[in-house]
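Inside the fold
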Number of protein chains: 2
Amino acid sequence: MIERARAEALDAADPLATFRERFVHDDPGRIYVDGNSLGRLPKETAEALAARATEWGSRLVTAWSDWIDLPLSVGDLLGEAVLGARPGEVAVADSTTVNLYKLAAAALDGRPGGRAIVTDRDNFPTDRYVLEGLAAARGLELRLLECDPVEGPSAPDVAAACATRDVALVSLSHVAYRSGALADMAAISEAAHAAGALVLWDLSHSAGSVPVRLTETGADLAVGCTYKYLNAGPGAPAFLYVRSELLSELRSPIWGWFGQRDQFAMGPVYDPESGIARFLAGTPPVLDLTAIEAGARLVAEAGIKAIRVKSAALAELAVALHDAWLVPLGFELGTPRDPERRGAHVSLRHAEAWRVCRALIERANVVPDFRGPDAIRFGFPPLYTRFADVWEAFDRLRRLVEHGEHLEVEAKPARIT
Amino acid sequence: MIERARAEALDAADPLATFRERFVHDDPGRIYVDGNSLGRLPKETAEALAARATEWGSRLVTAWSDWIDLPLSVGDLLGEAVLGARPGEVAVADSTTVNLYKLAAAALDGRPGGRAIVTDRDNFPTDRYVLEGLAAARGLELRLLECDPVEGPSAPDVAAACATRDVALVSLSHVAYRSGALADMAAISEAAHAAGALVLWDLSHSAGSVPVRLTETGADLAVGCTYKYLNAGPGAPAFLYVRSELLSELRSPIWGWFGQRDQFAMGPVYDPESGIARFLAGTPPVLDLTAIEAGARLVAEAGIKAIRVKSAALAELAVALHDAWLVPLGFELGTPRDPERRGAHVSLRHAEAWRVCRALIERANVVPDFRGPDAIRFGFPPLYTRFADVWEAFDRLRRLVEHGEHLEVEAKPARIT
């Protein structure tokens, strides 16, 4: 039996506990364990956004002399505090999807002899679609790894898929969006490199939740979103990373004026910047960059190592509660059991996952999210999630299912919107 | 002699005069005639942004059920109020640069027999670079119109460039960023269509300043920014337009999850939406969409026809003042003389344009912008520019140059940043 008191004791000893008050919480009864489609609003972000809007109103176009550096300065902040990258390797720009496209196309242009792209069948939809589109446009094969749905892709999976030595690019998620499985970045990079392929990582579910070591693990390329564990707000733009050694070799397929050397000379011929700015395209969104900077500073202040320690403990508690309370109710763990092999969310599988998820939101004021066909994702962002929240969320969950309340909500519609 | 009183009389009779107070003006001495890199901050936008941030903090992920429609609903608002498009033809997404890339690539894919892309040598840099990149990637010719630098591209220019009937795409700006020349959209579209080419318009300097009639003029494709005359803030994302009749035929090169039919089924194969949503890519930026909606509503409330009437009168006053005061000081009109042939900004050419521009900002509190090699752009957004502002800006300008104050500021640096 796991008592609530045990969770409260963990909270009392939590060195990150005070970060919770840095975020807006206007419904004390709600347990927000979205996993993680949208991080909470940091109070500092609300203030920074208002200040930036005031600056726009006041300084107008003259403020661009300061704003113009934001894509690279916020990129460097992310690179150092979150991504384990060196200065000049990260920029903030565009959406995760557009950045995936830019970097994947650049990699394919950089490996013109390649005949295949490797990803896994359970990769996030936009990643699969972007790669499918590039493969179709260039007459390449999109080779889909068939991995264990819980454990995700492994280095042997990648080595086997690359054994034909015709692979230009391997593109995977660092933390799987559904299962939460954490890929072994170093081993997979090594397997891909041994076969002559470049590796492009999607860090959307790991940036801000798991230490990412892009330099150390030999990563070539990466992208990721900022609205999950970086708390930059709904649809905030993404980041991209290109390993320094590849910068002179690779170029974006989208030749935009923010990638142009001596941009304001507005010269007749495209001549890309030598640094990471060559992967910028259009005018950067200043308000969004403000929110990303504020969110990244919070993560930097807490420290990604401390975040990981707490994250692992939160997930451990969730797994223990699942085993104790939920297995008898038809639940199954959809996340690796090994703490070293998972990110910051825990996925539970259930035959009625859709209805359980809806009932939790509508009747129990617990907000996870559903990921088809049968998973409920529970995210535990360490900056604002208490151990008692995990306990309370799963306590409400077990009571709800025990009472059959989920059977009272509507079944999953044919089309989810 | 044009007296200040004449300008003040025009202000007294201005039906749009009250809109000025809907914007933030915190320095009453400053004349903001940026032309137009960044529109002013509407007071309603500051409020809407704060409300949206509050909604993020409060409703969290559950608010996505409302936010998810914003790219198309704000697109339709722009389509009706600003662009002369039909419902379902406009979406807000990405930057102007990325949208140019998506639509130009779609057009080239849709005209596989074409061997050339036509644009003009004075088109905005990002447009030229995007097209240069696509031409290079596909082995096409980028055919550059050599137009009159003041009058811009004409239908005969386009007809001549397309006479070889090997052109897949003509891409031009509706209002030229430097000269302010307004292209004849209907005649140019007709000339391109007669030669079998599609036409892609950049509306960045016309959206919100000039009535755009996409449907009526037979435009195929268009993009444009929202941070100029739509006042949506620094780097706010752009819009894109695809003529309904082309939607089934054309598809984006970037296959993203927001373009996917039944997106949240997260199915294995990309199957694009049938409507304009097929040109969406990643997760839309909700805060930016909020600012675009607020800015577009202001334009809709004023009415684009009334905006155009005032805009033409503001430019007429500027041209008259230029002729009376500035010609003797070495200035030359860099904008068409015919009011029907220009947008909302007036470009003045001067041998010392860079220093005059700097001196205006630093010593006269007048903020235009410089566009190389020798142009100063004066923008007159009708929603917040008074006739007296035009008079005052040019009066300060003539005094400054008469006194040689521009010769006291530093010369143009080798690299402008």
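Residues numbered from 1 in each chain as written. Chains lettered and ligands numbered in written order. Predicted model: local features only at pLDDT ≥ 70, side-chain atom pairs only at ≥ 80, totals over all residues.

With that settled, the discussion passes to the overall build of chain A. Regarding its fold elements, chain A presents 13 helices and 13 strands. Computed over the C-alpha atoms, the radius of gyration of chain A is 22 Å, within 12% of the 22 Å expected from 2.2 N^0.38 for a compact globule of 417 residues. Projecting the C-alpha coordinates of chain A onto the three principal axes gives extents of approximately 70 × 60 × 40 Å. Every one of the 417 residues in chain A was classed for burial, and the buried ones make up 58%. (Helix = DSSP H or I, 4+ residues; strand = E, 2+ residues; numbered from the N terminus. Rg over C-alpha atoms; globule rule 2.2 N^0.38 Å. Buried ≥ 20, exposed ≤ 12 C-beta atoms within 10 Å, placed from the backbone.)

Residue and element names in this part refer to chain A. Looking at the assigned domains, one finds that chain A contains domain 1 (4-32 + 303-408) and domain 2 (47-301). Just the C-alpha atoms count here: the centres of domain 1 and domain 2 sit 29 Å apart. At the junction of the two partners, domain 1 supplies 20 residues and domain 2 supplies 19 residues. Those elements giving two or more residues to the side of domain 1 that touches domain 2 turn out to be α11 (304-326) and β10 (345-349). Here the side of domain 1 that touches domain 2 takes five residues from α11, the largest share from any one element. (Domains from an automatic or database assignment. Contact = placed C-beta atoms within 7 Å.)

For the rest of this paragraph, the subject is the sheet that holds strand β13 (residues 375-379) of chain B. Ordered in space as β9-β10-β13-β12 (chain B), the four strands form an open sheet in which the pairing is antiparallel. Because the sheet does not close on itself, it has two edges, and the strands there are β9 (332-333) and β12 (369-371) of chain B. (Pairing = 2+ DSSP bridges.)

For the rest of this paragraph, the subject is the interface of chain A and chain B. Reports often express the size of an interface as the amount of accessible area lost when the parts come together. Taken together, the 63 residues of chain A in the interface contact 63 residues of chain B. Partitioning the side of chain A that touches chain B into residue classes produces 37 nonpolar, 17 polar and nine charged. (Nonpolar A, V, L, I, M, F, W, Y, C, P; charged D, E, K, R; others polar.)

Residue and element names in this part refer to chain A. Two numbers describe how helix α5 (residues 96-110) lies on helix α6 (residues 125-138): the axes approach to 10 Å, and their chain directions differ by 40°. The element α5 and its partner α6 pack so that their crossing is right-handed. Residues T96, T97, L100, Y101, A104, A105 and L108 of α5 lie in contact with α6, whose contacting residues are T126, D127, V130, L131, L134 and R138. Across the contact of α5 with α6, the residue classes tally to eight nonpolar, three polar and two charged. (Axes fitted to C-alpha atoms, helices over the stretch in contact; angles between N-to-C directions. Left-handed = near helix turned anticlockwise from the far one by under 90°.)

This part covers the sheet that holds strand β7 (residues 221-224) of chain A. All names here are of chain A. Read across the sheet, seven strands follow the order β2-β8-β7-β6-β5-β3-β4 without closing on themselves; strand pairing throughout is mixed. Two strands close off the open sheet at either side, each with one partner strand: β2 (90-92) and β4 (141-145). When the angles between neighbouring strand axes are averaged without regard to direction, this sheet yields 20°. With five bridges joining them, strand β5 (residues 167-173) and strand β6 (residues 198-202) adopt parallel strand pairing. Of the residues in β6, the one forming a bridge with S173 is D202. Sitting on the sheet, helix α4 (residues 70-83) touches β2 and β8 (239-242), and the angle it makes with β2 is about 125°.

Core analysis: the largest hydrophobic core is formed by 289 residues, its most contacted members being A104 of chain A together with A104 of chain B. Each residue touching A104 of chain A, except ones within four places of it in the same chain, is listed here: V130, L131, L134, L169, S171 and L200 of chain A. (Core = buried A, V, L, I, M, F, W, Y, C linked by C-beta atoms within 7 Å.)

This next bit is on unusual backbone geometry. All names here are of chain A. For the peptide bond that leads from G35 to N36, omega is 5°, which places it in the cis range. Although it is not a glycine, D94 sits at a positive phi angle of roughly 55°. Its place among the elements puts D94 in the loop between β2 and α5.

Further remarks concern the relation of the copies chain A and chain B. With an RMSD of 0.0 Å, the fit of chain A onto chain B corresponds to turning through 180° and sliding 0.0 Å along the axis. Classification of the inter-copy transformation places it as that of a two-fold axis. (Least-squares fit on C-alpha atoms with pLDDT ≥ 70 in both.)

What follows concerns the confidence of the model for chain A. Per-chain confidence: chain A averages 96 in pLDDT, with 99% of residues scoring 70 or above. The ipTM, which scores confidence in the relative placement of chains, is 0.97 for this predicted complex, and the corresponding pTM is 0.97. (pLDDT = per-residue confidence, 0-100.)

As a further point, take the pairing of strand β13 (residues 375-379) of chain A. All names here are of chain A. Burial runs high along β13: five of the five residues are buried. Where burial is concerned, the two faces of β13 agree: the one with A375, R377 and G379 and the one with I376 and F378 are both buried. Of the pairings in the sheet, the one linking β10 to β13 comprises five bridges and is antiparallel in character. Bridge pairing in β13 places S347 opposite R377. Bridge analysis of strand β12 (residues 369-371) against β13 gives three bridges, and the strand direction is antiparallel.

Taking 1.5 Å of rise per residue, 23 residues should cover 33 Å, and helix α10 (residues 304-326) of chain B covers 31 Å from first to last C-alpha, within 8% of that figure. Where α10 of chain B is concerned, the buried positions are I304, I307, K310, S311, L314, A315, L317, A318, L321 and H322 of chain B. (Expected span 1.5 Å × (residues − 1).)

Turning to the environment of T217 of chain B, a few remarks are in order. All names here are of chain B. Its place among the elements puts T217 in the loop between β6 (198-202) and β7 (221-224). T217 gets classed as partly exposed once you count the C-beta atoms within 10 Å, which come to 18. Expressed as a C-alpha distance, the spacing of T217 and A324, which sit 107 residues apart in the sequence, is 37 Å. Residues in contact with T217, not counting those within four places in the same chain, are M185, A186 and S189.

Moving on: α4 of chain A. Each turn of an α-helix holds 3.6 residues, which means side chains three or four residues apart point in the same direction. Residues and elements named next belong to chain A. Counting buried positions along α4 yields 10 of 14 residues, so the element is predominantly enclosed. Of all the positions in α4, only L70, P71, L72, V74, G75, D76, L78, G79, V82 and L83 are classed as buried. The elements touched by buried residues of α4 are α3 (64-67), β2, β8, α10 (286-302) and α11.

What follows concerns the environment of P285 of chain B. Counting through the fold element by element, P285 of chain B comes out in the loop between β8 (239-242) and α9 (286-302). P285 of chain B sits in the buried class, given 30 other C-beta atoms within 10 Å. Each C-alpha atom of the pair P285 of chain B and A236 of chain B lies 9.2 Å from the other, and the pair is 49 residues apart in sequence. Those residues in contact with P285 of chain B that sit more than four places away from it in its chain are G235, A236, P237, P285 and D288 of chain A together with P237 of chain B.

Attention now goes to the packing of helix α11 (residues 353-364) of chain B against helix α12 (residues 387-402) of chain B. All names here are of chain B. Running from N to C, α11 and α12 cross one another at 110°; their axes reach a closest spacing of 10 Å. Between α11 and α12, the crossing angle belongs to the class labelled roughly perpendicular. The residues of α12 that touch α11, namely those facing V356, A359, L360, R363 and A364, are R396, L397, L400 and V401. Within the contact of α11 with α12, the residues separate by chemical class into seven nonpolar, no polar and two charged. (Parallel < 35°, antiparallel > 145°, perpendicular 65-115°, else oblique.)

Residues and elements named next belong to chain A. Of the two faces of β7, the one holding L221 and V223 and the one holding A222 and G224 are both buried throughout. Where β6 meets β7, three bridges bridge the pair, whose relative direction is parallel. Paired with L200 across the two strands is L221, which belongs to β7. Sheet analysis places β7 next to β8, joined by four bridges and oriented antiparallel. Note on β8: the bridge partner recorded for A222 is Y241.

All names here are of chain A. Along the polypeptide, A277 turns up in the loop between α9 (244-247) and α10. You can call A277 buried: it has 20 C-beta atoms within 10 Å. As a C-alpha pair, A277 and H345 span 68 residues in sequence and 33 Å in three-dimensional space. Not counting chain neighbours up to four residues away, the residues in contact with A277 comprise L72, A91, F258 and G259.

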